[in-house]
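# Reading the structure
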Protein chains: 2
Amino acid sequence: MIYNRIKMLRTEKGLSRKELAKAVEVNFQTIGYLERGDYNASLELAFKLAEFFEVPIDMAFSPRPFKTLAEELAAARAAE
Amino acid sequence: MIYNRIKMLRTEKGLSRKELAKAVEVNFQTIGYLERGDYNASLELAFKLAEFFEVPIDMAFSPRPFKTLAEELAAARAAE
DNA sequence: TCATATTGTTGTAGATATACAACATATATA
DNA sequence: TATATATGTTGTATATCTACAACAATATGA
């Protein structure tokens, strides 16, 4: 199981699933499946999505659950 | 089509396909298929491989052909 | 040479990803 | 209210990924 931040990245851009789907050339229902975690993106689609959102691929996908923003902040502070 | 450096990363470590396959828990023939470009890894397998080789995922996989070492060197020098 | 390991090829089968249609529900907006 | 848009659910069909078996070809080493 691979976790993803597609929904967050999409809504942050104010896009509908249909619009995102068109941008990365998949069916709009496929975006829904990914966001709900029904199945994983293919590697090809993962690269397309990461490229579209202009983030490194492991910012959009992760084999482990993503940290919350609060956890990220705490980790960043601890790293200083 | 996604390009990969699995063969390079594997041989660099002096591993056979069978050994690598065992490490990432797939059939050894699956490694062969990936190295030959017969098909792409799933996102899950891509993460496993990147983690095993301790490289960022886009060092092991890319939607565009990888640069040769010579090109990488030239690019690195130009960036200074 | 013989034996063994490694890789490539072909084929079958199962699992997963994607497309697409139909319909339900919710939400926003005229 | 009525209409449109967005999302969720279910089902079918196709493509792609993975496992596994059998065999050929090549290399490596005793």
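Scroll up a little and you will see the structure.
Small disclaimer: the values here were computed from a predicted structure and weren't measured. (Residues numbered from 1 in each chain as written. Chains lettered and ligands numbered in written order. Predicted model: local features only at pLDDT ≥ 70, side-chain atom pairs only at ≥ 80, totals over all residues. Heavy atoms only, no water.)

### Side note on the interface of chain A and chain B
The condition is simple: The contact definition used throughout considers only heavy atoms, calling two residues in contact when any of these lie within 4.5 Å. Put simply, buried area is the surface a 1.4 Å probe can reach on two separate parts but cannot reach once they are joined, added for both. Put simply, a salt bridge is a Lys or Arg side-chain nitrogen that is within 4 Å of an Asp or Glu carboxyl oxygen. Nitrogen and oxygen atoms within 3.5 Å of one another constitute a polar contact, given that in protein one can donate a hydrogen and the other can accept it, and given that sequence-neighbouring residues count only through two side-chain atoms. We count a stretch as a helix when DSSP gives it H or I for four or more residues in a row; a strand needs E for two or more, and each element gets its number in order from the N terminus. The nonpolar class holds Ala, Val, Leu, Ile, Met, Phe, Trp, Tyr, Cys and Pro. Asp, Glu, Lys and Arg form the charged class, and all remaining residues, Gly among them, are polar.
Taken residue by residue, the interface counts 15 residues in chain A and 15 residues in chain B. Here chain A packs against chain B, burying approximately 1200 Å² in sum over the two surfaces, 69% of which is carbon and sulfur. Applying the counting rule to chain A against chain B returns 2 salt bridges. Of the charged contacts in the structure, one is a salt bridge between Arg64(A) and Glu51(B), with a shortest N-O distance of 3.1 Å. The tally of links between chain A and chain B comes to 4 residue pairs in polar contact (both at pLDDT 80 or more). Elements supplying a minimum of two residues to the side of chain A that touches chain B: helix 4 (43-53), helix 5 (57-60) and strand 2 (61-62) of chain A. Looking at the side of chain A that touches chain B residue by residue, the class counts come to 9 nonpolar, 2 polar and 4 charged.

### Points about the relation of the copies chain A and chain B
Two copies of the chain are present, and they differ by a rotation about an axis and a shift along that axis. To be explicit about the condition: Copies overlap after least-squares fitting; the atoms used are the C-alpha atoms of residues with pLDDT of at least 70 in both.
Least-squares fitting of chain A to chain B yields an RMSD of 0.1 Å, with the superposition described by an axial translation of 0.0 Å and a rotation of 180 degrees. Between the two chains, the operation in question is that of a two-fold axis. Taking the C-alpha atom as reference, chain A places Leu43(A) closest to the rotation axis, 2.3 Å from it. Here 100% of the interface residues in chain A have copies in chain B that are interface residues too; the copies meet face to matching face.

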